[in-house]
Number of protein chains: 6
Amino acid sequence: MYLRIDRLQVELPAAEHPDPRAAQAVQELLGGRFGEMSTLMNYTYQSFNFRGRKELKPFYDLVANIATEELGHIELVAATINSLLSGTTERGESPDYRLAGVAGVGNPHHFLVSGQGALPVNSLGAAWSGDYVFNSGDVVLDMLHNFFLESGARMGKLRVYEMADNPMAACTRSPTRRRWRS
Amino acid sequence: MYLRIDRLQVELPAAEHPDPRAAQAVQELLGGRFGEMSTLMNYTYQSFNFRGRKELKPFYDLVANIATEELGHIELVAATINSLLSGTTERGESPDYRLAGVAGVGNPHHFLVSGQGALPVNSLGAAWSGDYVFNSGDVVLDMLHNFFLESGARMGKLRVYEMADNPMAACTRSPTRRRWRS
Amino acid sequence: MYLRIDRLQVELPAAEHPDPRAAQAVQELLGGRFGEMSTLMNYTYQSFNFRGRKELKPFYDLVANIATEELGHIELVAATINSLLSGTTERGESPDYRLAGVAGVGNPHHFLVSGQGALPVNSLGAAWSGDYVFNSGDVVLDMLHNFFLESGARMGKLRVYEMADNPMAACTRSPTRRRWRS
Amino acid sequence: MYLRIDRLQVELPAAEHPDPRAAQAVQELLGGRFGEMSTLMNYTYQSFNFRGRKELKPFYDLVANIATEELGHIELVAATINSLLSGTTERGESPDYRLAGVAGVGNPHHFLVSGQGALPVNSLGAAWSGDYVFNSGDVVLDMLHNFFLESGARMGKLRVYEMADNPMAACTRSPTRRRWRS
Amino acid sequence: MYLRIDRLQVELPAAEHPDPRAAQAVQELLGGRFGEMSTLMNYTYQSFNFRGRKELKPFYDLVANIATEELGHIELVAATINSLLSGTTERGESPDYRLAGVAGVGNPHHFLVSGQGALPVNSLGAAWSGDYVFNSGDVVLDMLHNFFLESGARMGKLRVYEMADNPMAACTRSPTRRRWRS
Amino acid sequence: MYLRIDRLQVELPAAEHPDPRAAQAVQELLGGRFGEMSTLMNYTYQSFNFRGRKELKPFYDLVANIATEELGHIELVAATINSLLSGTTERGESPDYRLAGVAGVGNPHHFLVSGQGALPVNSLGAAWSGDYVFNSGDVVLDMLHNFFLESGARMGKLRVYEMADNPMAACTRSPTRRRWRS
């Protein structure tokens, strides 16, 4: 059972300027194989399916708690994408050509399918898939997987940071870094 | 930001007998197009991307609150699947043939890939996909979608209820029904 | 522009007995890589995109006409599947356990998702995909593709015929065979 | 059974200038989740699988007739895409670099896989999928779905209209609008 | 550049009896996320893309050599599946009902699409995907991935071994085990 | 069983200049439906599953030998892509903005997921799929398929040649052309 607090885990700076190409890149950190949807759902299913919760209580607690924290991570990355997309197009009196400026720019689904908002897809626009969840039932193997998953997630964050010249996007790196360091 | 309480939303009866075929069917209610993963992620992304939260506060609150309740729904359906799979195979002294009894029965990934636990897949074993999320940015259209989604979810629950002769599986129908009726 | 006549291209015998396993197999002839959805959509897109319609009129006419005939083929195979599924379950007074007899039998989506009707999927339940359409713009290469496609379709029909012990399913072979022979 | 008349449902203006980026966007209206392939196939399968055709004749006729009209819609949208792609590249004496001008522009499959023609894919180049078909067998639920589907299709058409500064692409909005208004 | 020797890496016992259900399970070891197609293609692409081959020669050699050995592994697992499928159906004088005995048994594509031979798919019949390849360009991270991949592969082999009561299938475990132990 | 020789089949000229758009296009020749992954895996599975090797020895030898040669082809196309990507970005002292120059250019996975190396994907970034393998068990039909496959592969190579103004990419056409002509 879950509760939700209507607040982000960290304060995010607003995007300096609208940037649909950066928004496309940051999608990798949300819906990519190593994005926050993957970390969220891996820990979540591992906690749901955990057998022997009493005998292995510290492991169960660890997995269940990280799963919950990851909910805040998809929220943060979605907020980043939304901020980068804000102001990309202008509301005018006439609907004609309102989206002409973004033809061929970034992920076309940000403009044609969603309302210029975050989607559970990667930087190519391909949907996040439940195939990215690994949960063998062998707790040692699951931990090994998680270590690999977090390492891949860190790599993705570093690279998106290097690609986006916008302080907003750079912040997507923070949450995981803190977890790695402290 | 989220908190998690280590308790299910409702009490579930234990499965009367192991039933891998029912577990395969109940997967439709977790990872199918109209399963709880879909309701969860539709409301969640709609709340993340909601613009005009102040002007449309009752709608934002509704969407955000349902999203949070849906987290408890994937937890419930996963618990149902796990209970149905429990005891399907026996732990013996020799690993030989331990899984021989489930060759060709139910979803083979329950036995070969997961540790006899719930997966984010449907009754065919196909992974849940981010393509199932709809969020147009037009709040009327999004509400229409959600009404259709919940109607499809209800249909799925009724049919799984009719297929599974196990009180455990029948309970999967309850949470949504309550929401529909009261 | 198209017209529709509310009649099947050939008369189909009714299924001798309900047979969800045969229905699952016949789906390969509808939504498989070499099924009627593929022949329909290959000829259709080749006709839509045909350049030089005057210079190559006989080829354009051939492709456009076969495309139209294929519409009748998806209709026939769907009718076959529907006949095989008819009567699989019984309507009783109580909905309890109405679908219990088909747990683990055939394609679960025939019972949980569709109303015991044909779906645009193959014998594994995987959806037909637009990736199966080939249209290079080189008419010789497109014709070569079509010859291969029809040969693969013939193979599929022969094998489903050999698998299904039901006169209804056997008829799915007829339409294409006639085209091959006369 | 179907007949085909070698004429478009409405007259289309020619594209003012070649525009591969607009062609890429218009693909969403052909092979996207809410594109004409989806409306066509939803009505088509709903009509194929319709039980109780006598008792519910007005509904059966409605669904079967719309299905037929939708065939003309995929034809119209394909014609639009073909017109937008015409003249994108020049036929020269030497094949060298003939496609150099479209490297990185629009959907690469328009140039590398198809012969600069329409494909059953969306604006990302992802194939149309049979998973987009909904046919529950419950006629009320199917109608609700269709209402949602048409609403999503209308949204897509409006947005592509706003993105493409070409009278040709704007016409893709017409057929459905007429159906909505008159 | 490669050479091929027309011989298996190890001698395989013949299948004791035809077993299409075991063949379906063994497909996980060929085309599953942790199957031999994945180990083959991960090492192969890591070797193709290796930069700094001189400076890191021992690592390059290791990766390139394992890649080559993996070619023999997909050959072995395919041979196992073929042996398990041999004799499943009988060649009679009449083609009628020749495949009737395998309706609803194992992977239907073994009988309807392939010629009762191995396919690059997993135990659900889902195709192997290039998405399973990981190659970050960071050699430490790639090694970590490979360690996880091999651990997942080992788990899969143990479980298929426990499911299949056929000495032939049991042998699929051998090649990797030897590599792990000696 | 296979051996590998650490040498390319032909000598490749180095790319004249880094060209991520050409690298994206050349991916079609590696992981597309008609790319070298497809030719490799079609011949490979056809040779693995070949029954009657003695009676049909010339056919078996032909298929098995081409399969082996195709391994060298994926190696060549991967080397082409790697050469085109080399130097696209610069190694500086600060990681900030190192990838800013390639935001929105080519395939984002070349920069965010792989280490600027070849991937088993097509020009859209979609993964190569085992569904591209055809092996019916009917040797005549398999040969017909292969003839179609090679014709499609030739078309793809010609078009990529016309798109890329880089001598390196042009070479990707050579290996197959030689096989067709001599």
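This text follows the structure it describes.
Conventions used here
Residues numbered from 1 in each chain as written. Chains lettered and ligands numbered in written order. Predicted model: local features only at pLDDT ≥ 70, side-chain atom pairs only at ≥ 80, totals over all residues. Heavy atoms only, no water. Axes fitted to C-alpha atoms, helices over the stretch in contact; angles between N-to-C directions. Helix = DSSP H or I, 4+ residues; strand = E, 2+ residues; numbered from the N terminus. Parallel < 35°, antiparallel > 145°, perpendicular 65-115°, else oblique. Left-handed = near helix turned anticlockwise from the far one by under 90°. Contact = heavy atoms within 4.5 Å. Nonpolar A, V, L, I, M, F, W, Y, C, P; charged D, E, K, R; others polar. Expected span 1.5 Å × (residues − 1). Buried < 20%, exposed > 50% of the residue type's maximum accessible area, 1.4 Å probe, protein only. Buried area = accessible area lost by both parts, 1.4 Å probe. Salt bridge = Lys/Arg side-chain N within 4 Å of Asp/Glu carboxyl O. Polar contact = N/O pair within 3.5 Å; in protein donor to acceptor, adjacent residues only side chain to side chain. Least-squares fit on C-alpha atoms with pLDDT ≥ 70 in both. Pairing = 2+ DSSP bridges.

Peer 1: Looking at this model, I keep getting lost on the packing of helix α3 (residues 36-48) of chain C against helix α6 (residues 139-163) of chain C. Mind explaining?
Peer 2: What describes two packed helices is the angle between their axes and the distance between those same axes. Residues and elements named next belong to chain C. Between α3 and α6, the shortest axis-to-axis distance is 10 Å and the interhelical angle comes to 165°. The orientation of α3 relative to α6 falls into the category roughly antiparallel. At the point where α3 passes α6, the crossing takes the left-handed sense. From α3, Glu36, Ser38, Thr39, Asn42, Tyr43 and Gln46 reach across to α6, where they touch Asp142, His145, Asn146, Leu149, Glu150 and Lys157. For the contact of α3 with α6, the per-class residue count stands at two nonpolar, six polar and four charged.

Peer 1: Help me understand helix α4 (residues 57-85) of chain B in this model?
Peer 2: Residues spaced three or four apart along an α-helix point in a common direction, a consequence of the helix completing one turn every 3.6 residues. All names here are of chain B. An ideal rise of 1.5 Å per residue puts 42 Å on 29 residues; α4 measures up with 43 Å between its terminal C-alpha atoms. Buried residues dominate α4, accounting for 22 of its 29 residues. Immediately downstream of α4, the backbone of glycine 87 shows phi near 85°, a positive value.

Peer 1: Whenever I open this one, the interface of chain B and chain E confuses me. Can you help?
Peer 2: When the parts of a complex come together, some accessible area is lost, and that lost area is often taken as the interface size. At the junction of the two partners, chain B supplies 19 residues and chain E supplies 14 residues. Across the chain B/chain E interface, buried area totals approximately 1400 Å², and carbon plus sulfur atoms make up 63% of it. The residue glutamate 162 of chain E makes a salt bridge to arginine 98 of chain B at a minimum N-O spacing of 2.8 Å. On the surface where chain B and chain E come into contact, there are six residue pairs in polar contact (both at pLDDT 80 or more).

Peer 1: It is not clear to me how the relation of the copies chain B and chain E should be interpreted in this structure. Could you clarify?
Peer 2: With an RMSD of 0.0 Å, the operation that places chain B on chain E is a rotation of 120° combined with a shift of 0.0 Å along the axis. What we have between these two chains is a three-fold relation. A distinct binding surface is used by each copy, with only 5% of the interface residues of chain B retained as interface residues in chain E.

Peer 1: Mind showing me how you'd approach the pattern of salt bridges here?
Peer 2: Pairing is possible between side chains that carry opposite charge, provided their charged atoms lie close to one another. Residues and elements named next belong to chain F. Summed over all chains, the structure comprises 24 salt bridges over all chains. Residue lysine 57 pairs with aspartate 61 through a salt bridge whose shortest N-O separation is 2.5 Å. Here aspartate 61 and lysine 57 lie together in helix α4 (residues 57-85), a separation of four residues that amounts to about one turn. For lysine 57, a relative accessible area of 45% puts it in the partly exposed group. According to the relative accessible area criterion, aspartate 61 is partly exposed, its value standing at 25%.

Peer 1: Is there a simple way to think about the interface of chain C and chain D in this case?
Peer 2: Opposite the 48 residues of chain C that make contact, chain D presents 49 residues. Contact between chain C and chain D buries roughly 4200 Å² in total, counting both sides, with carbon and sulfur atoms accounting for 57%. At the junction of chain C and chain D, the tally comes to zero salt bridges. Along the contact surface separating chain C from chain D lie 27 residue pairs in polar contact (both at pLDDT 80 or more). The residue makeup of the side of chain C that touches chain D, split by class, is 24 nonpolar, 17 polar and seven charged. Alignment of strand β1 (residues 2-4) of chain C against strand β1 (residues 2-4) of chain D, held across three bridges, turns out to be antiparallel. When the sheet's bridge partners are listed, tyrosine 2 of chain C is paired in β1 of chain D with arginine 4 of chain D.

Peer 1: Teacher, can you tell me more about the environment of glycine 31 of chain D here?
Peer 2: Residues and elements named next belong to chain D. Its place among the elements puts glycine 31 in helix α2 (residues 28-31). Given a relative accessible area of 0%, glycine 31 falls into the buried group. Counting along the chain gives 87 residues from glycine 31 to alanine 118, while the straight-line C-alpha distance between them is 9.6 Å. Residue contacts for glycine 31: discarding those within four places in its chain leaves Met37, Pro120, Val121, Asn122, Trp128 and Tyr132.

Fair warning: the whole summary comes from geometry, so function is off the table for now.
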